[in-house]
Amino acid sequence: MANNGGTPTTPPPATTAQIPTNNEKKPDGGVDAFGRAVARIAVAQICEGAGFQSCQQSALEALADIAVRYLRDLGKAAHYYAGLAGRTECNAFDVIHAMEDMFAAQGFVGASDVISHSVSGSGTVREIMQYTNRAEEIPFARPVPRFPVVKKRELLPTFLQMKETPPHQHIPPWLPAFPDSHTYKSTPVWNERKTDPRMAKMEQARQRRKAERSLVSLQQRLASASGSSSLGLAMETDGKGKNSSPSPNPNPNNPFLAPPVGPEEKQVSPVKIPPVLSRPALKLPSVLEAFAPAIDAVKQGLDQVEELDGRRKNPRGSQALSDERPLVQFKFDFGKKAQMAAHATGALRNETPLSSWFSRDEEMDDKKRRVEQILKEAMENPQDLVQL
Amino acid sequence: MAESKPDDDAVLIEFLSSLMDYTPTIPDELAEYYLSKSGFQCPDVRIIRMVSIATQKFIAEIASDALQLCKARQSAVNKEKRDKQQKDKSLVLTTEDLSLALREYGVNMKRQEYFADNPSAGTNPTSKDE
């Protein structure tokens, strides 16, 4: 705003070219800076109206200062006259009196005509009227906001304004009303459901179905593993030595590529059955039979179950097989202990491929881990039965 | 003069009401601000406008006096050097003219002895008024 001091005047010639630089040096009057800047513009406009083409910065400053002082003096005098009349608000007559005081420096205008002594007919008023008629009307160059900006404090509405009655007797109604009770009372916070309960239920059902399916496939693999456990062992022992495969094998030395040997083809040394297991308790239901209800439950909709069902329908075969081969005793445990135990006991060697299979699966799917746990828990019961 | 009194009042009332349409150069906001600083209190815009018109008149009179002084000085200078007539035609409100004009209105404004109006005042003596 301060730089606008000289702008309303015509483009300054060479003499006043340095007005803006001077302006920056000038110490601004602190709080009054805006008012003084506005006064400077107004004075510059008046000077322009008087006929000046440009003005020196110092002259403009001085004239603006004089204008402000004049305004304040006039106001002070008018206020004094209002106070003299016992009023706080000034009216036109106070201002006229004040103007007469201020104009007194130039002589008493209209004092020569002794007849008129009324305030309204005083010479100063006439002069002002003449001035307004004579001088051209130059409105201020730009809109001026009301200043100083005073923030009006917003008071809280009282009980009376709210048309409420105070909650207690001792509170007068002109006091500010209480805020709404919900703003200061504690209210319970409910857990907001992020998902639709119906969707959550559907998701749960889907996961359960998936788990059951993987459980069934696990059962199937388990059954096949137990069926060919001795076979795998046989392959390990002597598949390396001789290659009995008639098929066109690209690498005859690789035992893993050799076709499987039938259960009767290979002579396997009979394994001594431990006395605990040779008891009639052997007739207890096998793992497959223990899981029969579970398999039945998921039988529908799963094509793998068909195969499994076929096996289950002919349990005699596997039972007959179990008489000849070593009984597989599963001892499941949780966590690392299970692995340790599996490695420690040589009798459980055929569990190692199972566990490795498990670990591979664990990497594949997290859900399978849950399945494994379910299986472990399920396997606990038959084992207990066996040991009893 | 019983008849002149109501006439003066009517004129004053008419003048005050005419002020509603008159916009003085000194904005109402400025006048109001400085008047309220001096204790003046009035809700009527016309009264405030009357005050600002009085101020405007005061300043305009000073300015016109200064202008007359400026013109007189320029004509005096131009009489001496007629060749530079075209160059010094521009009317500039200078502190010297202003202080001379203000003396009539009871304001004593003295130019500082070594007061430089702008930084180039000393370096560029041709632009400086004598």
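For the structure, check the block above.
Starting from 1, residues in each chain are numbered consecutively following that chain's sequence as written. Here every chain gets a letter starting at A, and every ligand a number starting at 1, in the order they are written. The model is predicted, so local features are restricted to residues of pLDDT at least 70 and side-chain atom pairs to those at 80 or more, both for listing and for counting; the totals for chains, interfaces and linings are taken over all residues. Hydrogen atoms and water are omitted, and side-chain values are computed over all heavy atoms in the structure.

Novice: Break down the overall build of chain B for me, with residues and values.
Specialist: Secondary structure elements are taken from DSSP: a helix is a run of H or I of four residues or more, a strand is a run of E of two residues or more, and numbering for both begins at the N terminus. Helix and strand counts for chain B come out as four helices and one strand. From first element to last, N terminus to C terminus, chain B shows the α and β order α-α-α-β-α. For chain B, with 130 residues in total, the buried portion stands at 45%. Contacts spanning at least 24 positions in sequence make up 59% of the contacts within chain B whose residues lie at least 6 apart. Accessible surface for chain B amounts to roughly 7200 Å². Of this, 50% is attributable to carbon and sulfur atoms. Each residue's exposure class comes from its accessible area (1.4 Å probe, protein chains only) as a fraction of the maximum for that residue type: buried when under 20%, exposed when over 50%, partly exposed otherwise. When checking whether two residues touch, look at their non-hydrogen atoms; a contact exists if any pair is within 4.5 Å. Per-residue accessibility takes into account occlusion by the displayed protein chains alone, with areas from the Shrake-Rupley method and a 1.4 Å probe.

Novice: Which residues make up the overall build of chain A, and what values go with them?
Specialist: Counting its regular elements, chain A contains 16 helices and one strand. Scored against the burial criterion, the 388 residues of chain A give a buried share of 30%. A separation threshold of at least 6 residues defines the contact pool for chain A, and within that pool the share at least 24 residues apart is 60%. Carbon and sulfur atoms provide 56% of the accessible area of chain A, an area that totals close to 25600 Å².

Novice: Describe the pattern of salt bridges, naming the residues involved and giving the relevant values.
Specialist: The salt bridge criterion pairs a side-chain nitrogen of Lys or Arg with a carboxyl oxygen of Asp or Glu, the two atoms within 4 Å. Applying the stated criterion across every chain yields a total of 12 salt bridges over all chains. Glu61 of chain A is paired through a salt bridge with Arg40 of chain A; the nearest N and O atoms lie 3.1 Å apart. Of the two residues, Glu61 of chain A sits in helix H3 (residues 57-84) while Arg40 of chain A sits in helix H2 (residues 33-50), which places them 21 residues apart along the sequence. Classification of Arg40 of chain A by relative accessible area gives buried; the value is 2%. Residue Asp94 of chain A pairs with Arg87 of chain A through a salt bridge whose shortest N-O separation is 2.6 Å. For Arg87 of chain A, a relative accessible area of 33% gives the class partly exposed. Here the salt bridges share partners, and the residues they tie into one network are Asp32, Arg36 and Asp65 of chain A together with Lys37 of chain B.

Novice: With reference to specific residues and values, describe helix H4 (residues 95-104) of chain B.
Specialist: For H4 of chain B, the complete set of buried residues consists of Thr95, Asp97, Leu98, Ser99, Ala101 and Leu102 of chain B. Those residues of H4 of chain B that are buried lie in contact with H3 of chain A together with helix H3 (45-80) and strand E1 (92-93) of chain B. Once H4 of chain B finishes, Gly106 of chain B follows within two positions and takes phi at roughly 80°, a positive value.

Novice: Mind laying out the nonpolar core, listing which residues take part and the relevant values?
Specialist: Buried Ala, Val, Leu, Ile, Met, Phe, Trp, Tyr and Cys residues form a nonpolar core when they are joined through side-chain atoms within 4.5 Å. Counting 74 residues, the largest nonpolar core has Phe52 and Leu63 of chain A together with Phe40, Met50, Ile62, Leu93 and Leu98 of chain B as its most contacted members. Taken together, the elements giving at least two residues each to this core come down to H2, H3, helix H4 (92-103) and helix H5 (123-134) of chain A together with helix H1 (4-18), helix H2 (28-37), H3 and H4 of chain B. Ignoring anything within four residues of it in the chain, the contact list for Ile62 of chain B reads Leu63 and Ile66 of chain A together with Leu98, Ala101, Leu102 and Tyr105 of chain B. Core analysis: the second largest hydrophobic core is formed by nine residues, Leu215, Leu222, Phe291 and Val371 of chain A among them.

Novice: Please provide a residue-by-residue account of unusual backbone geometry, values included.
Specialist: Trans is the common state for peptide bonds, and a negative phi is the common state for residues other than glycine. Residues and elements named next belong to chain A. Even without glycine at this site, Lys163 takes up a positive phi of about 60°. Summarising the element assignment, Lys163 is placed in the loop between helix H6 (159-162) and helix H7 (181-184). Taking the relative accessible area as the measure of exposure, Lys163 reaches 79% and is therefore exposed.

Novice: Describe the packing of H3 of chain A against H3 of chain B, listing the residues and the values that go with them.
Specialist: Contact pair H3 of chain A / H3 of chain B: the axes reach a minimum separation of 10 Å and the direction vectors enclose 145°. The handedness of the crossing between H3 of chain A and H3 of chain B comes out as right-handed. In contact with Leu63, Ile66, Ala67, Tyr70, Leu71 and Leu74 of chain A of H3 of chain A, H3 of chain B contributes Val51, Ala54, Thr55, Phe58, Ile59 and Ile62 of chain B. In this count, Pro and Cys sit with the nonpolar residues alongside Ala, Val, Leu, Ile, Met, Phe, Trp and Tyr, while Asp, Glu, Lys and Arg are called charged and the others, Gly among them, polar. For the contact of H3 of chain A with H3 of chain B, the residue count by class is 11 nonpolar, one polar and no charged. An axis is simply a line fitted to the C-alpha atoms; with a helix, the fit covers only the stretch in contact. Between two such axes, the angle follows the N-to-C directions and lies from 0 to 180 degrees. Throughout, a crossing is termed right-handed when the near helix is turned clockwise from the far one, and left-handed when it is turned anticlockwise from it by less than a right angle.

Novice: Can you lay out the packing of aromatic side chains for me, pointing to particular residues and giving the numbers?
Specialist: Residues and elements named next belong to chain A. Only Phe, Tyr and Trp rings take part, Trp by its six-membered ring, and two of them pair if their centres are within 6.5 Å. Stacked means planes under 30 degrees apart, edge-to-face means over 60, and tilted covers everything else. Under the criterion given, the structure shown has seven aromatic pairs over all chains. Taken together, a centroid distance of 4.8 Å and an interplanar angle of 85° make the contact between Phe34 and Phe147 edge-to-face. Here Phe147 lies in the loop between H5 and H6 and Phe34 lies in helix H2, a separation of 113 residues in the sequence. Given the relative accessible area of 28%, Phe34 is considered partly exposed.

Fair warning: the whole summary comes from geometry, so function is off the table for now.
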